[in-house]
Amino acid sequence: MAGFIQEAVAMGIWHQRASLARPDGRAFISGERCPALELQTFEHRSPIDGRSLSQVSRCLANDVDVAVRSARRAFEDGRWSRQSPSARRQVLQRFAEGVLAAREELALLETLDMGKPIQYSLRLDVPAAAQSLAWFGECIDKQYGQIAPTSEHALALIQREPLGVVGAILPWNYPLVVACLKIAPALAMGNSVVLKPSERSSHSALRLAEIGLAAGLPPGVLNVLPGFGFEAGQALALHMDVDALAFTGTLRNGRRVHECAARSNLKRVFAQLGGKSALIVFADCADLHFAARSAATAMFFNQGASCNAPSRVLVHERIATEFIRLLADEVAHHTPGDPLDEDCVAGAIVDEQHFRLLQDYLQLGQAEGARLICGGRTLRHGSGGLYLEPAIFDHARSDMRIVREEIFGPMLTVQRFADEAEAIALANDSAFGLQAGIWTASLDRAHRVARRLRVGTVHVNQYDEDDIGVPFGGRGQSGNGRDNALAALETFSELKTTWIRIAG
Ligand code: NAD
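Bear in mind the structure is a predicted one, so any value in this text is a computation, not a measurement.

## What to know about the layout of surface pockets
To find leftover empty space, one rolls a probe the size of a water molecule over the atoms.
Reasoning step 1: Approximately 510 Å³ is the volume attributed to the second largest pocket.
Reasoning step 2: Taken together, 19 residues make up the lining of the second largest pocket; nearest its centre are Gln143, Tyr144, Gln159, Arg160 and Met189.
Reasoning step 3: Among the elements of the structure, α4 (85–101), β6 (154–162) and α17 (485–491) are those that each provide at least two residues to the lining of the second largest pocket.
Reasoning step 4: Counting residues per element, the lining of the second largest pocket draws most heavily on β6, which supplies five residues.
Reasoning step 5: Split into classes, the residues belonging to the lining of the second largest pocket amount to nine nonpolar, six polar and four charged.

Right, dumping it as structure tokens:
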């Protein structure tokens with residue numbers, strides 16, 4: 001026994017918990033865990049060490065149909081949709097408290113599933129997920145409709161009402177955070193939800209549904225179907241009784257779900273897609289050290305798998321040499337370690353397929369003529385997981401694929417510019433339009449350039465601000481609609497106008 005305790009202490013508490021974790025990968029439909037109808041499963045291995053974590057239900061079109069019918073029943077009988085906004089507020093607030101109470105368990109699931117450092121799962125992801133639930137719960141009984149300024153013989157009421165059954169298809173990079181960014185406003189508005197997490201990170205969303213039920217969400221209001229995109233995801237996108245689809249993922253699959261919507265019932269598609277955000281560093285930047293540190297943190301956080309990561313650095317030619325040196329020095333602060341160590345700052349690459357893709361980009365960049373100035377080595381051999389040192393390509397050009405395509409890993413490109421006009425042209429030369437950053441000491445320049453960048457969000461002299469109360473989303477092929485803030489309530493609702501004759 002003493003030996004066991006010593007071993008546990010030596011392993012660290014998170015390693016011990018990880019070794020005992022047996023996540024439940026079964027679907028959650030009508031308030032209950034259940035296997036897929038055809039009893040198929042797929043094995044989920046942790047990217048941390050390659051260990052088999054669980055058998056996850058492989059839901060197919062018939063499971064989607066059962067879940068959508070359950071969600072539809074729940075919506076039509078009003079068990080949630082017709083509860084008063086203040087009753088929904090109370091449930092969402094309890095839901096948020098439940099998430100915080102399960103904080104350690106959820107954080108561990110997140111880290112084991114997709115490889116991010118435990119300290120970030122625990123201190124950032126779980127609290128952010130709970131905050132979404134609490135925020136949308138808090139605001140839902142403070143939303144008012146409008147009365148239009150019509151003639152005195154009529155009254156025109158303008159109100160927002162729920163859409164009905166909402167499908168949500170999620171990516172793997174921030175599984176809990178993105179799940180709550182969708183379900184919190186959707187549920188607050190009174191919709192029922194059928195959620196399909198990524199096949200790379202199913203467990204936290206499944207556990208979330210159980211916590212929601214315990215908090216008072218009626219059965220059928222939140223259903224979670226794990227499975228593959230080309231099966232469960234596509235079936236949800238094609239389903240004739242899904243009213244709207246919130247899709248977060250790659251541009252390629254965003255196109256596919258739009259096609260499915262067009263081929264089925266023209267359901268509304270709210271798409272949050274990829275990014276290739278430019279960070280422009282002007283020669284008058286007041287603090288190059290700070291700018292380089294901020295750029296590296298924003299880029300290499302979450303192993304580079306953030307949609308808004310500033311993966312295209314554009315730097316004025318006069319300061320390029322110094323800035324690139326500072327940036328390269330920062331790479332050492334983002335060296336991957338063991339995600340279960342509490343001081344680890346960069347974790348594992350999510351799976352072998354993604355790791356191979358990143359290796360291909362490393363080779364491609366060099367073949368295209370960019371110069372790999374640092375990083376790109378495979379680390380932590382023998383851990384059983386896949387770990388990649390952050391990489392920087394200098395002398396990149398806009399016609400290179402490493403500049404045009406979203407890589408979604410710890411890799412950034414550097415281009416140089418001669419003047420402001422060239423910087424804006426380079427930044428806007430992208431199919432994506434999610435975010436951009438500007439470093440300059442000139443307020444005039446900051447405003448002038450920010451206005452001309454075709455993106456959803458511009459950061460000036462920082463790149464890490466984010467807040468549930470501030471809309472988040474992109475333009476162009478980065479998608480449409482907005483997460484966060486009251487804008488998300490509009491996304492998950494429909495306007496209803498009611499005309500009433502006033503006699504007299
Ligand atoms: P992905 O497109 O591979 O998968 C996303 C989801 O779509 C998964 O659940 C997957 O199973 C499903 N899917 C795949 N094919 C499908 C199909 N044919 N029909 C229906 N569903 C299908 O994306 P990913 O690798 O999981 O996530 C990374 C991407 O998500 C990146 O492009 C990233 O920029 C983007 N992202 C964007 C935001 C944002 O807010 N803009 C946030 C997070 C991630």
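## Brief notes about the sheet that holds strand β23 (residues 493–501)
Hydrogen bonds along the backbone pair up the strands of a sheet, which may run parallel or antiparallel.
Reasoning step 1: Pairing is antiparallel in the open sheet, where three strands are placed in the order β5-β6-β23. Two strands lie at the open edges of the sheet, namely β5 (146–147) and β23, each paired on one side alone.
Reasoning step 2: Direction of pairing for β5 relative to β6: antiparallel, over a ladder of two bridges. In the sheet register, Gln146 faces β6, and the bridge partner there is Ile158.

## Here we look at the pattern of salt bridges
Reasoning step 1: Tallying each qualifying case throughout the model produces 33 salt bridges.
Reasoning step 2: For Arg58, the salt bridge goes to Glu231, with nearest N and O atoms at 2.7 Å. Here Arg58, found in the loop between β4 (52–57) and α3 (61–76), pairs with Glu231, found in helix α9 (residues 229–238); they are 173 residues apart in sequence, far enough to count as distant.
Reasoning step 3: Its relative accessible area of 22% is what places Arg58 among the partly exposed residues.
Reasoning step 4: Residue Arg397 is joined to Asp399 by a salt bridge in which the shortest nitrogen-to-oxygen separation is 3.0 Å.
Reasoning step 5: Its relative accessible area of 42% is what places Arg397 among the partly exposed residues.
Reasoning step 6: One connected set of salt bridges, linked through shared partners, spans Asp24, Arg26, Arg33, Glu105, Arg207 and Glu210.

## As for the site of the ligand
Reasoning step 1: Close contacts around the ligand come from 27 residues, with Leu170, Glu199, Thr250, Leu273 and Glu406 the closest.
Reasoning step 2: At 3.1 Å from an oxygen atom of the ligand is found a side-chain nitrogen or oxygen belonging to Trp172.
Reasoning step 3: Of all the secondary-structure elements, those providing two or more residues to the shell around the ligand are α9, β10 (244–248) and α10 (251–263).
Reasoning step 4: For the shell around the ligand, a count of residues per class yields eleven nonpolar, eleven polar and five charged.

## Considering the side chain of Ser277
Reasoning step 1: Looking at the element boundaries, Ser277 is found in the loop between β11 (268–272) and β12 (278–281).
Reasoning step 2: With a relative accessible area of 1%, Ser277 lands in the buried category.
Reasoning step 3: Those residues within four positions of Ser277 in sequence are excluded, and the remaining contacts are Asn308, Ala309, Pro310, Ser311, Arg312, Leu434, Gln435 and Tyr463.

## A short note on the pairing of strand β3 (residues 41–45)
Two faces belong to every sheet, and in a regular strand the side chains alternate between them.
Reasoning step 1: Side chains Phe42 and His44 project from β3 onto a buried face, and the interleaved Thr41, Glu43 and Arg45 project onto a face without burial.
Reasoning step 2: Where β3 and β4 come together, five bridges link them in antiparallel fashion. Looking across to β4, one finds that His44 is bridged to Ser54.

## Quick look at the packing of α9 against α10
Reasoning step 1: Two numbers describe how α9 lies on α10: the axes approach to 7 Å, and their chain directions differ by 40 degrees. Taken as axis vectors, α9 and α10 run oblique relative to one another. Where α9 abuts α10, its residues Gln234, Ala237 and Leu238 lie against Val257, Cys260, Ala261 and Arg263.
Reasoning step 2: The class makeup of the residues in the contact of α9 with α10 is five nonpolar, one polar and one charged.

## Quick notes on helix α11 (residues 288–300)
Reasoning step 1: In a regular helix each residue adds 1.5 Å, so 13 residues correspond to 18 Å; α11 covers 18 Å between its end C-alpha atoms and thus fits that length.
Reasoning step 2: Among all positions in α11, only Leu288, Ala291, Ala292, Ser294, Ala295, Ala296, Ala298, Met299 and Phe300 are buried.
Reasoning step 3: Structurally, α11 contributes buried residues whose contacts are with β12, α12 (320–330), β17 (391–394), β18 (411–417) and β20 (435–439).
Reasoning step 4: Near the N-terminus of α11, the side chain that reaches the backbone nitrogen of His289, with its oxygen 3.2 Å away, is that of Asp287.
Reasoning step 5: Phi turns positive, to about 60 degrees, at Asn302, one or two residues after α11.

## Here's the deal with the state of the cysteines
Reasoning step 1: Evaluation of the coordinates by the stated rule reveals zero disulfides.
Reasoning step 2: In this structure Cys59 is not part of a disulfide, and its nearest cysteine sulfur, from Cys34, lies 7.1 Å away.
Reasoning step 3: Free cysteine Cys139: the closest other cysteine sulfur is in Cys180, separated by 15 Å.

## A word on the pairing of β12
Reasoning step 1: Residues Ala278 and Ile280 point to one face of β12 and Leu279 and Val281 to the other, with burial holding for every one of them.
Reasoning step 2: Inspection of the sheet shows β12 paired to strand β13 (residues 312–316) by four bridges, in the parallel sense. By the bridge assignment, Ile280 is partnered in β13 with Leu314.
Reasoning step 3: With α11 bridging β12 and the parallel β13, this β-α-β connection has right-handed handedness.
Reasoning step 4: As defined by bridge partners, β12 adjoins β20 across four bridges and the pair is classed as parallel. By the bridge assignment, Ala278 is partnered in β20 with Ala436.

Parameters and conventions
- Residues numbered from 1 in each chain as written.
- Predicted model: local features only at pLDDT ≥ 70, side-chain atom pairs only at ≥ 80, totals over all residues.
- Heavy atoms only, no water.
- 1 Å grid on protein atoms, 1.4 Å probe; cavity = no way out; pocket = protein on both sides within 12 Å on 5 of 7 lines; lining within 4 Å.
- Points joined across faces, edges and corners; volume = space filled by probe spheres on them.
- Helix = DSSP H or I, 4+ residues; strand = E, 2+ residues; numbered from the N terminus.
- Nonpolar A, V, L, I, M, F, W, Y, C, P; charged D, E, K, R; others polar.
- Pairing = 2+ DSSP bridges.
- Salt bridge = Lys/Arg side-chain N within 4 Å of Asp/Glu carboxyl O.
- Buried < 20%, exposed > 50% of the residue type's maximum accessible area, 1.4 Å probe, protein only.
- Near = heavy atom within 4 Å.
- Polar contact = N/O pair within 3.5 Å; in protein donor to acceptor, adjacent residues only side chain to side chain.
- Contact = heavy atoms within 4.5 Å.
- Axes fitted to C-alpha atoms, helices over the stretch in contact; angles between N-to-C directions.
- Parallel < 35°, antiparallel > 145°, perpendicular 65-115°, else oblique.
- Expected span 1.5 Å × (residues − 1).
- Disulfide = S-S within 2.5 Å.
- Right-handed = clockwise from strand over helix to strand, strands pointing away.

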